[in-house]
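For reference, the chains in residue letters:
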Amino acid sequence: GRTAEIVKVIPGIKRAITLNLLANNAKPTTATCGWTPDPSNKYVGLDQKELAVLPLEVKDAICPKDFEQLYLGMYMRNNKEVPFEELIADSYVNKVKNYNEKLIWDGDGVNKGLLMLINVGSDSIPTTTNTIDASSDVAGASTAIEAVNALIAKASPDILMHSDKVILTSYAMYNAYASELRAVNLYIQPNYQNGEGANYEMYIPGTDIRLIAIAGMDNLVNTTIATGYAVNGVKQPMVLTYADNIVLGTDMLNDEEMLDLFYSRDNDEVRVNIQYKLGWNF
């Protein structure tokens, strides 16, 4: 899905791994002879988080006879196949991708999505937690442009120093922001020619921060945005971070990854079997 195209992906996870984050507060002091380290300047260590993957599956059964009347058998050589196998397989893949996007950000009611993890389990999203900035402190903004600018203004240098900065938000928030830009003519003409805004992604004017719409942030069910900028009365999530700060784990490249469309002789039906694992953290 789209999130996996943006963030860091770690393949080959069978159950869980530990993310080791280096912490170091070393700073230079005035040089002297001898060996006299500053006790307050003597720390380097690891901050550890677990990235566990969930085993997920789709199992379905298709009766090829259900297609015979629709296609009059024109595209079916026998009753052991379905027409347009590639199209049907792709439809399952697209459904799984859409489900993954919602799961990663909104969770499923049991497993917390990223929006809830960012606030360490609370339903509201804070401005800064573990170098991820979110949208709670832009509630006073009267426009989407003001909300985005307020979020950037609160960003910590730990984020701004990175080259892969992103604001991930809902399609509703993206549309509101882009509409206001067009209304006040803040688009520069060459941007249209270079495809700015294509695929719901653009650079915030005057910055190297990409604003990207994520389907998993729309129509939240399991996460409540307690404060934030509202579009059509619904408070919208915004997460400002650098792309590699969000990590997805998967079992890809291992034997438990499966997408199979096959005929079952015992059941006289075509069966769909999709098996994979997916996890997320930051």
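Preceding this section is the structure that the text describes.
Residues numbered from 1 in each chain as written. Predicted model: local features only at pLDDT ≥ 70, side-chain atom pairs only at ≥ 80, totals over all residues. Heavy atoms only, no water.

A.B. asks: I would appreciate a short explanation of the overall build of the protein chain in the present structure.
C.D. replies: In terms of helices and strands, the protein chain carries eight helices and 15 strands. In the protein chain, which comprises 282 residues, the proportion classed as buried is 41%. For the protein chain, the exposed area adds up to about 15,800 Å²; of that, 51% sits on carbon and sulfur atoms. (Helix = DSSP H or I, 4+ residues; strand = E, 2+ residues; numbered from the N terminus. Buried < 20%, exposed > 50% of the residue type's maximum accessible area, 1.4 Å probe, protein only. Areas by Shrake-Rupley, 256 points an atom, 1.4 Å probe, with all protein chains shown as cover.)

A.B. asks: So what exactly am I meant to see when it comes to the pairing of strand S9 (residues 210-213) here?
C.D. replies: Sheet faces and side chains relate simply in a regular strand, where the side chains alternate between the two faces. Of the two faces of S9, the one carrying Arg 210 and Ile 212 and the one carrying Leu 211 and Ala 213 are both buried. Across four bridges, strand S7 (residues 165-169) lies against S9 in parallel orientation. Bridge pairing in S9 places Val 166 opposite Arg 210. Examined bridge by bridge, strand S8 (residues 201-203) and S9 share three bridges and lie antiparallel to one another. Across the sheet, the residue bridging to Tyr 203 is Arg 210, located in S9. Hairpin connection between S8 and S9: a loop of six residues separates the two successive antiparallel strands, and Gly 206 in this loop has a positive phi of roughly 80 degrees. (Pairing = 2+ DSSP bridges.)

A.B. asks: Teacher, can you tell me more about the packing of aromatic side chains here?
C.D. replies: Aromatic ring pairs: the centre-centre distance and the angle between the two ring planes describe each pair. Per the counting criterion, the structure on display carries two aromatic pairs. Relative to Tyr 200, the ring of Tyr 171 has its centre 4.8 Å away and its plane inclined at 55 degrees; by these criteria the two rings are tilted. Here Tyr 171 is found in helix H7 (residues 171-183), whereas its partner Tyr 200 is found in the loop between helix H8 (189-193) and S8, with 29 residues between them in sequence. Overall, Tyr 200 belongs to the partly exposed group, its relative accessible area being 32%. Aromatic side chains Tyr 174 and Tyr 200 sit 5.1 Å apart centroid to centroid with 55 degrees between the ring planes, which places their arrangement in the tilted category. Here Tyr 200 lies in the loop between H8 and S8 and Tyr 174 lies in helix H7, a separation of 26 residues in the sequence. (Phe/Tyr/Trp six-rings, centres within 6.5 Å; stacked < 30°, edge-to-face > 60°.)

A.B. asks: What am I meant to see in unusual backbone geometry here?
C.D. replies: Keep in mind that most residues, glycine aside, have a negative phi and that most peptide bonds are trans. Positive phi, close to 55 degrees, is recorded for Asn 232, a residue that is not glycine. Tracing the sequence through the fold places Asn 232 in the loop between strand S10 (230-231) and strand S11 (234-235). Residue classification places Asn 232 among the exposed positions, given a relative accessible area of 77%. Unusually for a residue other than glycine, Asp 268 sits at a positive phi of about 50 degrees. Mapping Asp 268 onto the fold places it in the loop between strand S14 (258-264) and strand S15 (269-281). When its relative accessible area of 29% is taken as the criterion, Asp 268 is described as partly exposed.

A.B. asks: Mind showing me how you'd approach the environment of Pro 64 here?
C.D. replies: For Pro 64, the location among the structural elements is in the loop between strand S4 (54-62) and helix H2 (68-71). Among the residues examined, Pro 64 registers a relative accessible area of 1% and is labelled buried. Taking the C-alpha atoms as reference points, Pro 64 and Val 270, 206 residues apart in sequence, are found 6.9 Å from one another.

A.B. asks: Looking at this structure, I do not really get the side chain of Thr 223. What am I missing?
C.D. replies: Position of Thr 223 relative to the elements: it lies in the loop between S9 and S10. For Thr 223, a relative accessible area of 5% puts it in the buried group. Of note is the side chain of Thr 223, whose polar atom sits 2.9 Å from the side chain of Asp 106. (Polar contact = N/O pair within 3.5 Å; in protein donor to acceptor, adjacent residues only side chain to side chain.)

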